[in-house]
Amino acid sequence: MTATPGHSRTKILRGMLIMNVLFIGFALVMWWSYQDYSAYLRNIVNLQKPLLVFHKQQSALFFVWVPMMSALITINIEVFYVRLMKKRVPPLMAKLQKVATWVMFLGVALAVFGNQLINPAWSETFKEAGYSRCNTVIVRANKQFFNDAWVLEPADCYDRGLKQILHEDHGKRGFEKGARYLEKKHEFLQSREAVHNPGAGL
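Every chain's residues receive numbers from 1 upward, in the order its sequence appears when written. Two thresholds apply to this predicted model, a pLDDT of at least 70 for residue-level local features and 80 or more for giving and counting side-chain atom pairs, whereas whole-chain, interface and lining totals are computed over all residues. Heavy atoms throughout the structure, all of them, feed into the side-chain values; hydrogens and water do not.

Asker: Can you walk me through the pairing of strand 3 (residues 147–151) in this structure?
Answerer: Two faces, one strand: in a regular strand the side chains alternate between the faces of the sheet. Only protein chains enter the accessibility calculation, which uses a 1.4 Å probe; a residue whose area is less than 20% of its type maximum is buried, one above 50% is exposed, and one in between is partly exposed. Each helix is a run of H or I in the DSSP string that is no shorter than four residues. Each strand is a run of E no shorter than two, and both are numbered from the N terminus. Within strand 3, five of the five residues are buried, leaving the element largely enclosed by the surrounding structure. Of the two faces of strand 3, the one carrying Asn147, Ala149 and Val151 and the one carrying Asp148 and Trp150 are both buried. Two strands are counted as paired when DSSP detects at least two bridges linking them. For strand 1 (residues 51–55) and strand 3, the ladder comprises five bridges, and the chain directions are antiparallel. Note that in strand 3 the partner of Phe54 across the bridge is Asp148.

Asker: What's the story with the state of the cysteines in this structure? I'm lost.
Answerer: By definition, a disulfide links two cysteine residues through a covalent bond between their sulfur atoms. A pair of cysteine sulfur atoms is labelled a disulfide when the two atoms are within 2.5 Å. Under the counting rule described, the total for this entry stands at one disulfide. Between the sulfur atoms of Cys134 and its disulfide partner Cys157 the distance amounts to 2.0 Å. Since a negative S-S torsion denotes a left-handed disulfide, the Cys134-Cys157 link at about -85 degrees is left-handed. Here Cys134, found in the loop between strand 2 (132–133) and strand 3, pairs with Cys157, found in the loop between strand 3 and helix 5 (160–168); they are 23 residues apart in sequence, far enough to count as distant. Per residue, the accessibility class of Cys134 equals that of Cys157, and both read buried.

Asker: Help me out: how do you make sense of the packing of aromatic side chains in this one?
Answerer: For any pair of aromatic rings, geometry is given as the distance between the ring centres together with the angle between the planes. Any two of the Phe, Tyr and Trp rings considered here, Trp counted by its six-membered ring, make a pair once their centres fall within 6.5 Å; the pair's planes then place it as stacked at under 30 degrees, edge-to-face at over 60, or tilted in between. By the definition in use, this model includes 12 aromatic pairs. Through a chain of ring-to-ring contacts, the aromatic side chains of Tyr37, Tyr40, Phe54, Trp122, Phe126 and Trp150 assemble into a single cluster. The cationic tip of Lys56 hangs over the ring face of Phe145; the distance from NZ or CZ to the ring centre is 5.9 Å. Here, over-ring charges are defined by two tests on the NZ atom of lysine or the CZ atom of arginine: distance to the ring centre within 6 Å, and angle to the ring normal within 35 degrees.

Asker: Can you walk me through the pattern of salt bridges in this structure?
Answerer: Where charged atoms from two side chains of opposite charge come close, those side chains can pair. Any Lys or Arg side-chain nitrogen located within 4 Å of an Asp or Glu carboxyl oxygen qualifies as a salt bridge. One pass over the full model with this rule turns up five salt bridges. Residue Asp148 is joined to Lys56 by a salt bridge in which the shortest nitrogen-to-oxygen separation is 3.7 Å. Placement of the pair is Asp148 in strand 3 and Lys56 in the loop between strand 1 and helix 2 (65–84), with a sequence separation of 92 residues. On the accessibility criterion, Asp148 (10% relative accessible area) is buried.

Asker: For this particular structure, what's the right way to read the side chain of Thr136?
Answerer: On the secondary structure map, Thr136 appears in the loop between strand 2 and strand 3. The buried category is assigned to Thr136, whose relative accessible area is 17%. Under the rule applied, a polar contact is a pair of N or O atoms within 3.5 Å (in protein, one hydrogen donor and one hydrogen acceptor; residues adjacent in sequence only if both atoms are side-chain atoms). Within the structure, Thr136 has its side chain in polar contact with the backbone oxygen of Cys157 (distance 2.8 Å). Note on contacts: a residue pair is in contact if any heavy atoms of the two residues lie within 4.5 Å. Ignoring any residue separated from it by four or fewer positions in sequence, one finds Thr136 in contact with Gln144, Cys157 and Tyr158.

Asker: Sorry if this is basic, but what is going on with the sheet that holds strand 1 here?
Answerer: Pairing between the strands of a sheet is mediated by backbone hydrogen bonds and can be parallel or antiparallel. What the three strands build is an open sheet, ordered 1-3-2; its pairing is antiparallel. Every other strand in the sheet has two partners, leaving strand 1 and strand 2 as the edge strands with one partner each. In terms of strand pairing, strand 2 meets strand 3 through two bridges, oriented antiparallel. When the bridges of strand 3 are listed, Arg133 appears paired with Trp150.

Asker: What should I look at first to understand a nonpolar patch on the surface in this one?
Answerer: Nonpolar side chains collect at one region of the surface, where Val108, Val112 and Phe113 lie side by side and expose about 280 Å² of accessible area between them. Relative to the assigned elements, Val112 resides in helix 3 (residues 91–113). Judged by relative accessible area, which is 40%, Val112 ranks as partly exposed. Surface patches are drawn from residues lacking salt bridges whose relative accessible area is over 30%; two like charges belong together within 9 Å, two nonpolar side chains (Val, Leu, Ile, Met, Phe, Trp, Tyr) within 5 Å. Computed by Shrake-Rupley with a 1.4 Å probe, the accessible areas treat only the displayed protein chains as cover when residues are assessed.

Shown next as structure tokens:
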């Protein structure tokens with residue numbers, strides 16, 4: 001049975017709607033993920049937690065909307081004129097489509113390498129807050145390339161207990177456990193210092 005033109009158009013419009021919802025939804029989820037991760041980092045810095053593990057690739061989520069939206073423009077123009085209207089793409093729309101295609105390729109590059117543009121700003125934020133980046137293999141060796149460990153006390157980069165915690169659990173739970181471990185460690189060291197040197201804080 002051959003589909004009628006009206007039925008065919010309805011299918012095309014339905015497909016366009018689903019595609020637009022999926023593309024826009026995915027872009028919004030990625031944008032929200034970046035904002036959520038940024039809030040997570042700022043919270044650690046504001047609370048001055050002794051440990052911060054930074055996922056360097058996470059910053060690239062900031063740019064995901066660029067290729068998604070430009071791809072959506074390119075596809076929508078093509079589907080609307082060629083599939084739905086059964087016409088050639090008008091010259092003006094063709095130029096817009098070409099620009100959107102180039103922006104899409106640029107956006108893909110940003111989604112992969114864009115963290116190199118944002119991460120220096122985060123590093124500066126951490127340094128200004130008093131953190132030092134660990135150059136030791138404090139996190140798992142296979143996670144080292146995409147993650148940086150930052151601490152308030154540089155000596156903590158060499159702490160074997162912290163290294164063991166982060167190697168056993170490379171996730172937010174492990175990071176929080178490592179931060180609690182360092183907090184208890186420094187509280188103990190400060191209390192011991194107070195006992196041995198009662199006049200040190202005067």
